[in-house]
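Remarks on the overall topology
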Amino acid sequence: MGKLIWLASYPKSGNTWLRAFLHNYLRRTDASHDINRLHELTIGESDAQHFARHDSRPVAQLRVGDVQRLRPRVHRDFMAAAPTPVFVKTHNASLVVHGVPLLTPDVTAGAIYIVRDPRDVAVSYAAHLGRSVDQTIAFMADPEAAIGGDGKNVYERLASWSIHVHFWTRRPDPSLLTLRYEDISADPRAAFHDVVRFLGEDPAPERLEQAIAFSSFESLRAQECERGFRERPPALAAFFRSGRSGGWRDVLTPAQAARIERDHGREMARFAYI
């Protein structure tokens, strides 16, 4: 059985991009890996079907305490998926809820965490949620913010953007690789080289270049246009919308940008966003 490597981020911060790269690099495909088959290598931690094995009630009927009671069992189930480390996507903050860690320590081998400028996150997440930018900015500042419990996914605790980033990255840890979305965009070769090295391999240049090309934003968007994307919310026209860094400047009002900087200034400064 393999321990878990968490692929972690606040929503709309590049988690799907990372998963696509891993599929294309590790599977060594001759064409871009199907974005609707990302589950073949990377498990979605909050997927209701994992929890249904241990509790037959509909997910919408499970209270937060019920989900937390089941979480360690589900994480141990994941270990049986492969003899090597198992990649698990999560948007959970690295917190303890109802006395139970959202990330079970004794089954964890490490994590790759992506952080993104919260001003760009606010714009992208507002479109994803179908909410106004102001509502999304308020949600990102809420220390109790959570998602899931909707029939498809169980409870995930995000907390505020700042709490999420702080508790994932607050101390140096050799089992944690932290990446900035902006650095992946600016130099995907260097960023994904670091990912492969973190996983214990010396990346072959041609294989790395191919995986980067197959998982580029343009490739992912073209796939979605052609085949759709199973993870796209029904009300969202496209999951892969823009992907560019700094797009918030064309969308946010000065007051909205100032509120985000006021809410999250300390962590934004840590990652050179202000």
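Not measured: the values here are computed from a predicted model. (Residues numbered from 1 in each chain as written. Predicted model: local features only at pLDDT ≥ 70, side-chain atom pairs only at ≥ 80, totals over all residues. Heavy atoms only, no water.)

**Details of the overall build of the protein chain**
Each helix and strand counted, the protein chain has 11 helices and 9 strands in total. In terms of C-alpha radius of gyration, the protein chain reaches 18 Å, essentially the compact-globule figure of 19 Å for 274 residues. The principal-axis extents of the C-alpha atoms in the protein chain amount to approximately 50 × 50 × 40 Å. Taking as baseline every contact in the protein chain between residues at least 6 positions apart, the subset at least 24 positions apart corresponds to 71%. Looking at the protein chain as shown, the accessible area adds up to about 12,600 Å², and 51% of this sits on carbon and sulfur atoms. (Helix = DSSP H or I, 4+ residues; strand = E, 2+ residues; numbered from the N terminus. Rg over C-alpha atoms; globule rule 2.2 N^0.38 Å. Contact = heavy atoms within 4.5 Å. Areas by Shrake-Rupley, 256 points an atom, 1.4 Å probe, with all protein chains shown as cover.)

**Looking at the nonpolar core**
Counting residues in hydrophobic clusters, the biggest one holds 50 residues, and the most contacted among them are Leu4, Tyr10, Trp161 and Trp168. Apart from residues lying up to four places away in sequence, tyrosine 10 is in contact with His91, Tyr113, Ile114, Val121, Tyr125, Phe139, Met140, Leu158, Ala159, Ser160, Trp161 and His164. Membership of the second largest hydrophobic core comes to 27 residues, among which are Ala211, Ile212, Phe229 and Phe239. (Core = buried A, V, L, I, M, F, W, Y, C linked by side-chain atoms within 4.5 Å. Buried < 20%, exposed > 50% of the residue type's maximum accessible area, 1.4 Å probe, protein only.)

**Quick word on the layout of surface pockets**
Put simply, the second largest pocket is a space of about 430 Å³. Looking at the second largest pocket, it is lined by 19 residues, and the ones nearest its centre are Ser94, Leu103, Phe167, Trp168 and Asp173. Listing elements by their share of the lining of the second largest pocket, those giving two or more residues are β6 (108-115) and α6 (161-169). Top element by residues in the lining of the second largest pocket is β6. It accounts for 3 residues. Split by residue class, the lining of the second largest pocket holds 11 nonpolar, 5 polar and 3 charged. (1 Å grid on protein atoms, 1.4 Å probe; cavity = no way out; pocket = protein on both sides within 12 Å on 5 of 7 lines; lining within 4 Å. Points joined across faces, edges and corners; volume = space filled by probe spheres on them. Nonpolar A, V, L, I, M, F, W, Y, C, P; charged D, E, K, R; others polar.)

**Some words on the pattern of salt bridges**
Summed over the entire model, instances satisfying the criterion amount to 17 salt bridges. Note that arginine 207 is salt-bridged to glutamate 201, the shortest N-O span being 3.9 Å. For arginine 207, a relative accessible area of 18% gives the class buried. The partner of glutamate 267 in a salt bridge is arginine 270, and the shortest N-O contact between them spans 2.5 Å. Separated by 3 residues within a single helix, glutamate 267 and arginine 270 lie in helix α11 (residues 254-270), roughly one turn from each other. (Salt bridge = Lys/Arg side-chain N within 4 Å of Asp/Glu carboxyl O.)

**Let's talk about the sheet that holds strand β2 (residues 42-44)**
Taken together, the 5 strands give an open sheet; going across it, the order is β2-β3-β1-β6-β9, and neighbouring strands pair in parallel fashion. This sheet does not close on itself; its edge strands, each paired only once, are β2 and β9 (176-180). Across this sheet, the average inter-strand angle for adjacent strands is 25 degrees, counted without regard to direction. In this structure, strand β1 (residues 4-9) lies alongside β6, joined through 6 bridges in parallel fashion. (Pairing = 2+ DSSP bridges. Axes fitted to C-alpha atoms, helices over the stretch in contact; angles between N-to-C directions.)

**What to know about the packing of helix α5 (residues 133-140) against α11**
At a closest axis distance of 10 Å, the pairing of α5 and α11 adopts a crossing angle of 5 degrees. Taken together, the axes of α5 and α11 are roughly parallel relative to one another. Within the contact between the two elements, α5 uses Val133, Asp134, Ile137, Ala138 and Met140 and α11 uses Gln256, Arg259, Ile260, Asp263 and His264. The residue inventory of the contact of α5 with α11, partitioned by class, reads 5 nonpolar, 2 polar and 3 charged. (Parallel < 35°, antiparallel > 145°, perpendicular 65-115°, else oblique.)

**Here we look at α5**
An α-helical turn contains 3.6 residues, so any two residues separated by three or four positions project in the same direction. Along α5, the positions that sit buried rather than exposed are Val133, Thr136, Ile137, Phe139 and Met140. The arc that holds every buried residue of α5, seen down its axis, measures 160 degrees, which confines them to one face. Its buried side turned inward, α5 meets α4 (118-129), β7 (146-147), α6 and α11. (Arc of directions from axis to C-beta.)

**Points about the pairing of β1**
β1 sits mainly inside the fold: 6 of its 6 residues count as buried. The alternating pattern of β1 places Leu4, Trp6 and Ala8 on one face and Ile5, Leu7 and Ser9 on the opposite face, and all of these are buried. Pairing of β1 with strand β3 (residues 86-90) involves 5 bridges; the strand directions are parallel. Bridging from a neighbouring strand, leucine 4 pairs with valine 86 of β3.

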